[in-house]
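A closer look at the structure
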Amino acid sequence: MDKMEVITCTAPVNLAVIKYWGKRDEELILPVNSSLSATLSQEELCVTTSVAISSKFSTDRIWLNGRENFIKDYPRLQNVLKIVREEYKKTGKTELMNSKVHICSVNNFPTAAGLASSAAGFACLAFALTKLFKIECDVSVIARQGSGSACRSIYGGFVAWEKGEKSDGTDSIAVQVAPENHWTEMHILVLVVSEEKKETSSTSGMRRSVETSELLKLRAEHVVPQRMYEMKQAILNKDFEKFADLTMKDSNQFHAICLDTFPPIIPPYMNSISHSIIQLISKYNELCGTKVAYSFDAGPSAVLFLREKDVPECLSLIKTFFPPTQEQGESFLRGLYVNLSPDSDTFHGIKEKIALPLTPGGIKYIIHTQVGDGPRIVKNQECCLLNAEGLPKKSSDN
Ligand code: DP6
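All of these numbers come straight from a predicted model, not from anything done at the bench.

Attention now moves to the overall build of the protein chain. Looking only at helices and strands, one finds nine helices and 17 strands in the protein chain. Computed over C-alpha atoms, the radius of gyration of the protein chain comes to 22 Å, within 12% of the 21 Å expected from 2.2 N^0.38 for 398 residues, which places it in the range of a compact globule. Taken along its principal axes, the extent of the C-alpha atoms in the protein chain is 70 × 45 × 40 Å. Sequence-distant contacts, at least 24 apart, represent 77% of the contacts inside the protein chain between residues at least 6 apart. Carbon and sulfur atoms form 51% of the exposed surface of the protein chain, whose accessible area is close to 17,900 Å². Averaged over its 45 positive side-chain charges, the protein chain has a centre that lies 3 Å from the centre of its 47 negative ones.

Time to look at helix α2 (residues 117–132). Here α2 spans 22 Å end to end across 16 residues, near enough to the 22 Å set by a 1.5 Å rise per residue. Burial analysis of α2 places 13 of its 16 residues in the buried class, the great majority of the element. Note on α2: the residue one or two positions beyond its end, Lys134, has a positive phi of about 50°.

Turning next to the sheet that holds strand β15 (residues 333–335). Hydrogen bonds between backbone atoms are what pair the strands of a sheet, whose relative direction is either parallel or antiparallel. Strand order in the open sheet made by the five strands is β13-β14-β12-β16-β15, with mixed pairing throughout. Edge positions in the open sheet fall to β13 (292–296) and β15, since each of these has one partner strand only. Neighbouring strand axes in the sheet, compared pairwise and without regard to direction, differ in orientation by 25° on average. Pairing between strand β12 (residues 186–193) and strand β14 (residues 302–307): six bridges, direction antiparallel. Across the sheet, Ile188 pairs through a bridge with Phe305, a residue of β14. Contacts from helix α6 (residues 240–260) reach β12, β13 and β14 within the one sheet, and its direction differs from that of β13 by about 25°.

Near the ligand lie 16 residues; those nearest to it are Tyr20, Lys23, Arg76, Ser147 and Ser149. One of the side-chain nitrogen or oxygen atoms of Lys23 is found 2.7 Å away from an oxygen atom of the ligand. One of the side-chain nitrogen or oxygen atoms of Arg152 is found 2.8 Å away from an oxygen atom of the ligand. Protein chains shield 93% of the accessible area of the ligand, which is 460 Å² for the free molecule. Residue contributions to the shell around the ligand peak at three residues, all from helix α4 (residues 202–212). When grouped by side-chain class, the residues that make up the shell around the ligand number six nonpolar, five polar and five charged. Taken together, domain 1 (5–180 + 375–383) and domain 2 (186–370) each give at least three residues to the shell around the ligand, which thus spans both.

A few words now on the domain arrangement of the protein chain. In terms of domains, the protein chain is made up of domain 1 (5–180 + 375–383) and domain 2 (186–370). Using only C-alpha atoms to locate each centre, domain 1 and domain 2 end up separated by 26 Å. In this complex, domain 1 contributes 32 residues to the contact, which on the side of domain 2 involves 44 residues. For the pair domain 1 and domain 2, the summed buried area comes to about 3,100 Å², and 70% of that belongs to carbon and sulfur atoms. One can count three salt bridges joining domain 1 with domain 2. One salt bridge connects Lys232 with Glu162, and the closest N-O pair in it is separated by 2.7 Å. Remark: the boundary between domain 1 and domain 2 carries eleven residue pairs in polar contact (both at pLDDT 80 or more).

Here the focus is the sheet that holds strand β11 (residues 174–178). Strand order across the open sheet formed by four strands is β2-β5-β10-β11, with antiparallel pairing between neighbours. Strands at the two margins of the open sheet, each flanked by one partner only, are β2 (14–18) and β11. The average angle at which neighbouring strand axes cross in this sheet is 35°, direction not considered. Inspection of the sheet shows β2 paired to strand β5 (residues 35–39) by four bridges, in the antiparallel sense. Residue pairing across strands places Ile18 opposite Leu36, the latter belonging to β5. Against the sheet, helix α5 (residues 214–236) makes contact with β2, β5, β10 (158–161) and β11, and its axis sits at roughly 115° relative to β2, the strand it touches most.

The rules behind these values
- Residues numbered from 1 in each chain as written.
- Predicted model: local features only at pLDDT ≥ 70, side-chain atom pairs only at ≥ 80, totals over all residues.
- Heavy atoms only, no water.
- Helix = DSSP H or I, 4+ residues; strand = E, 2+ residues; numbered from the N terminus.
- Rg over C-alpha atoms; globule rule 2.2 N^0.38 Å.
- Contact = heavy atoms within 4.5 Å.
- Areas by Shrake-Rupley, 256 points an atom, 1.4 Å probe, with all protein chains shown as cover.
- Lys, Arg positive; Asp, Glu negative; His and termini not counted.
- Charge placed at Lys NZ, Arg CZ, Asp CG, Glu CD.
- Expected span 1.5 Å × (residues − 1).
- Buried < 20%, exposed > 50% of the residue type's maximum accessible area, 1.4 Å probe, protein only.
- Pairing = 2+ DSSP bridges.
- Axes fitted to C-alpha atoms, helices over the stretch in contact; angles between N-to-C directions.
- Near = heavy atom within 4 Å.
- Polar contact = N/O pair within 3.5 Å; in protein donor to acceptor, adjacent residues only side chain to side chain.
- Nonpolar A, V, L, I, M, F, W, Y, C, P; charged D, E, K, R; others polar.
- Domains from an automatic or database assignment.
- Buried area = accessible area lost by both parts, 1.4 Å probe.
- Salt bridge = Lys/Arg side-chain N within 4 Å of Asp/Glu carboxyl O.

Structure, rendered in structure tokens:
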């Protein structure tokens, strides 16, 4: 095909409330346990990817956030391209067989935010490629082979990644538990905590956990199956207390496995600020009934789940104990607007009872968001990241 074809898509970030940690097959990226996540709204956090295909391109190329990366350095990316081409071959069509692709991808949030940009990135890529090659298959199976957690970004709302039983991985797929409009009361605060580059990547960390942690075995066999069932019920019944209880316990257990790994995952993903956030939320819930749930992935940033009505009070509380510095001032609260009304007397009472030390500047900024939809095709050609030659419209040297 001489003519260049191009497609642009966006995909969301997801945050696991029942964590995926450990593979039973490293090649196919098959997990030892099922997991479940909330898809975060693309208005605040998303990845945009344009993919162009043409027989005039001499090789597959990729630009990430304005910089060209070498595909040979990314075996998982090569793998995703290989799988898509194999699926295309199965359709019996030949037109695109010898064509190469140019991929250009950007995040609308800083990578340093410590959010799983690779999950959104691989979900977006798998989604865009299947549309471009016009192949009918389970997109989550392709995304999964880029990065495990990416398969859950293929749907909006609340999404389960069912671990599956088959050795070829065809039943290890993502399934929507409830759509994005099911539990609109649920809001999310991403508390971005400064991060030094983490020493242990998720991939190598979970490999070591599988090899050495007894707790991981117990979790995969005996804890997660029951939790998956209970979490699905909590979501379907909009039972916040149950949802929060399971979310916090599961985050804690994942980090306990990191410590149970031998040698342990040190420095730990959570830092002293993360621990202070846990202390604050725990005391707040103790005093006021369960109002907020925290969850931490492989980094120090916290994701809080709470009901919309509790957002102003919770934000005031966070701002009290983690006061923004003067430079942070304006940009401290991002995303959905919140009316932070003057603190009430009850609130002052709560603050006094919590009695924790203040940590100025401990939280870099907060993104207020909600549960959102799955990947989208972007129709507006102006949003395409590639020009008529299939090269990035914008590039950067840094
Ligand atoms: C802690 O999906 O990044 O975020 O499959 O090796 O690419 P690979 O790992 P990845 O692991 C994410 C782990 C987690 C928990 C989760 O998202 O379920």
